[in-house]
Amino acid sequence: LSEIEELVKEGRIGNILTGIEEMFSELPEVSCEISDDRILYNGNPLTLDRAVYGERVPVSDGQQVRMYDSRHVFIGIFKFELDRNRLKPVKMFYQA
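**Q** Is there a simple way to explain the overall build of the chain in this structure?
**A** Within the chain, the secondary structure is distributed over three helices and six strands. Taken over the C-alpha trace, the chain has a radius of gyration of 16 Å; the compact-globule value for 96 residues is 12 Å, which it surpasses by more than 25%. In terms of overall dimensions, the chain has a C-alpha envelope of 50 × 25 × 20 Å along the principal axes. The buried share among the 96 residues of the chain stands at 29%. Counting only contacts in the chain whose residues sit at least 6 apart along the sequence, the fraction spanning at least 24 positions is 47%. Summing over all exposed atoms, the chain offers an accessible surface of approximately 6,500 Å²; the carbon and sulfur share of this is 48%. Averaging the coordinates of the 12 positive side-chain charges in the chain and doing the same for the 17 negative ones gives two points 5 Å apart.

**Q** Please clarify how a nonpolar patch on the surface should be interpreted in this entry.
**A** On the surface, Leu1, Ile4, Val8, Ile16 and Leu17 cluster together into a nonpolar patch covering about 530 Å² of accessible area. Looking at the element boundaries, leucine 1 is found in the segment before helix H1 (2-9).

**Q** I keep staring at the pattern of salt bridges and nothing clicks. Help me out?
**A** Side chains that differ in sign of charge can pair as their charged atoms come close. One pass over the structure, following the stated rule, counts six salt bridges. Of the charged contacts, one joins arginine 50 and aspartate 36 as a salt bridge, the two residues approaching to 2.9 Å between their closest N and O atoms. Separated by 14 residues along the polypeptide, arginine 50 in the loop between strand E2 (46-47) and strand E3 (51-53) and aspartate 36 in the loop between strand E1 (29-32) and helix H3 (37-41) bring together distant segments of the chain. Classification of aspartate 36 by relative accessible area gives buried; the value is 4%. For lysine 88, the salt bridge goes to glutamate 81, with nearest N and O atoms at 3.9 Å. A residue is classified by how much of its surface remains accessible, and lysine 88, at 32% relative accessible area, is partly exposed. If you follow the salt bridges from partner to partner, you end up with Glu81, Arg86 and Lys88 in one network.

**Q** Teacher, can you tell me more about the nonpolar core here?
**A** When a protein is soluble and globular, its nonpolar side chains tend to lie buried together. Val30, Leu40, Val65, Met67, Phe78 and Leu87 are the most contacted members of the largest nonpolar core, which has 13 residues in total. Broken down by secondary-structure element, the contributors of at least two residues to this core are E1, strand E4 (64-68) and strand E5 (74-81). For this core, the element with the most residues is E5, which contributes three residues. Look past the residues within four positions of leucine 40 in its chain and what remains in contact with it is Cys32, Leu46, Met67, Tyr68, Asp69, Ile75, Phe78 and Met92.

**Q** How should the side chain of arginine 66 be read in this particular structure?
**A** Looking at the secondary structure, you find arginine 66 in strand E4. Not counting residues up to four positions away in its chain, the partners in contact with arginine 66 are Glu21, Phe24, Ser25, Leu27, Pro28, Glu29, Val30, Phe74, Gly76 and Ile77.

**Q** For this particular structure, what's the right way to read unusual backbone geometry?
**A** Negative phi is the rule for most residues except glycine; trans is the rule for most peptide bonds. For histidine 72, which is not glycine, the phi torsion reads 65 degrees and is therefore positive. For histidine 72, the position within the fold is in the loop between E4 and E5. Phi at asparagine 85 takes a positive value of approximately 55 degrees, unusual for a residue other than glycine. Of note, asparagine 85 is situated in the loop between E5 and strand E6 (86-92).

Cut-offs applied
Residues numbered from 1 in each chain as written. Predicted model: local features only at pLDDT ≥ 70, side-chain atom pairs only at ≥ 80, totals over all residues. Heavy atoms only, no water. Helix = DSSP H or I, 4+ residues; strand = E, 2+ residues; numbered from the N terminus. Rg over C-alpha atoms; globule rule 2.2 N^0.38 Å. Buried < 20%, exposed > 50% of the residue type's maximum accessible area, 1.4 Å probe, protein only. Contact = heavy atoms within 4.5 Å. Areas by Shrake-Rupley, 256 points an atom, 1.4 Å probe, with all protein chains shown as cover. Lys, Arg positive; Asp, Glu negative; His and termini not counted. Charge placed at Lys NZ, Arg CZ, Asp CG, Glu CD. Patch = residues over 30% accessible without salt bridge, like charges linked within 9 Å, V, L, I, M, F, W, Y side chains within 5 Å. Salt bridge = Lys/Arg side-chain N within 4 Å of Asp/Glu carboxyl O. Core = buried A, V, L, I, M, F, W, Y, C linked by side-chain atoms within 4.5 Å.

In short, geometric facts, not functional conclusions.
What follows is the structure, given as structure tokens:
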């Protein structure tokens, strides 16, 4: 605990902390167009045809992805629900 307090005092706490987004870096990346930002902010599913896919995104049922808004702000973890033609939120991290 004293080491952490010392890092905070020195302004170096960021050297040992890992951001939420980094914890999910192994998941593929998906984003949306600006017109759909509000859908994501409110925690609603996004239809598959509205998503903007990054490189090598495996589109398979249950596959989880990192979801970003149109400005590349991390929103949360979403998963494919192919039978419902959507990406559904699993865990939201966005804070307005």
